[in-house]
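# Secondary and tertiary structure notes
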Amino acid sequence: AMPAGGSLIITMRLIFPYVEIRLSDSGKGIQKDNLKEIFKPFYTTGSGGMGLGLTISRRIAEQHNGSIQIESEIGKGTTVIVKLPK
């Protein structure tokens, strides 16, 4: 979430045997308490979602022997790291 605007940087690199995709924003960041919960089904802090997007995305990545991680710092932004086998 970047309510005041900001930047979104997408990078991709090969870290054998994976392709790593990083999506980094300059948004407000995610609270540590929320960060622990965001992959749980139906967990949401927003008013418009159902809380299934990250749960489904992680499951798809894992079914392809990959992973999704999220790093975040309040006031500095969030990075989503997707690793998928090459």
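Definitions and limits used
- Residues numbered from 1 in each chain as written.
- Predicted model: local features only at pLDDT ≥ 70, side-chain atom pairs only at ≥ 80, totals over all residues.
- Heavy atoms only, no water.
- Pairing = 2+ DSSP bridges.
- Helix = DSSP H or I, 4+ residues; strand = E, 2+ residues; numbered from the N terminus.
- Axes fitted to C-alpha atoms, helices over the stretch in contact; angles between N-to-C directions.
- Salt bridge = Lys/Arg side-chain N within 4 Å of Asp/Glu carboxyl O.
- Buried < 20%, exposed > 50% of the residue type's maximum accessible area, 1.4 Å probe, protein only.

With that out of the way, let us pick up the sheet that holds strand β3 (residues 67-73). Pairing is antiparallel across the open sheet formed by four strands, whose spatial order is β1-β2-β4-β3. The open sheet has two edge strands with one neighbour each: β1 (8-15) and β3. The mean inter-strand angle of the sheet, taken between neighbouring strand axes irrespective of direction, is 15°. Two strands pair when backbone bridges link them, and strand β2 (residues 18-25) and strand β4 (residues 77-85) are joined in this way by seven bridges, in the antiparallel orientation. Within the sheet, the bridge partner assigned to Y18 lies in β4 and is P85.

Enumeration according to the criterion identifies five salt bridges in this entry. The salt bridge involving E20 is made with R13; its shortest N-O contact spans 2.9 Å. A relative accessible area of 4% means that E20 is categorised as buried. R13 gets classed as partly exposed once you look at its relative accessible area, which sits at 47%. The salt bridge partner of R58 is E62, with a shortest N-O separation of 3.9 Å. Placement of the pair is R58 and E62 together in helix α2 (residues 53-63), with a separation of four residues, close to one helical turn.

To continue, consider the pairing of β2. Bridge analysis of β1 against β2 gives eight bridges, and the strand direction is antiparallel. Bridged to R13 within β2 is E20. Counting the residues between successive antiparallel strands, the hairpin from β1 to β2 contains two residues.

By themselves, these figures tell us nothing about what the structure is for.
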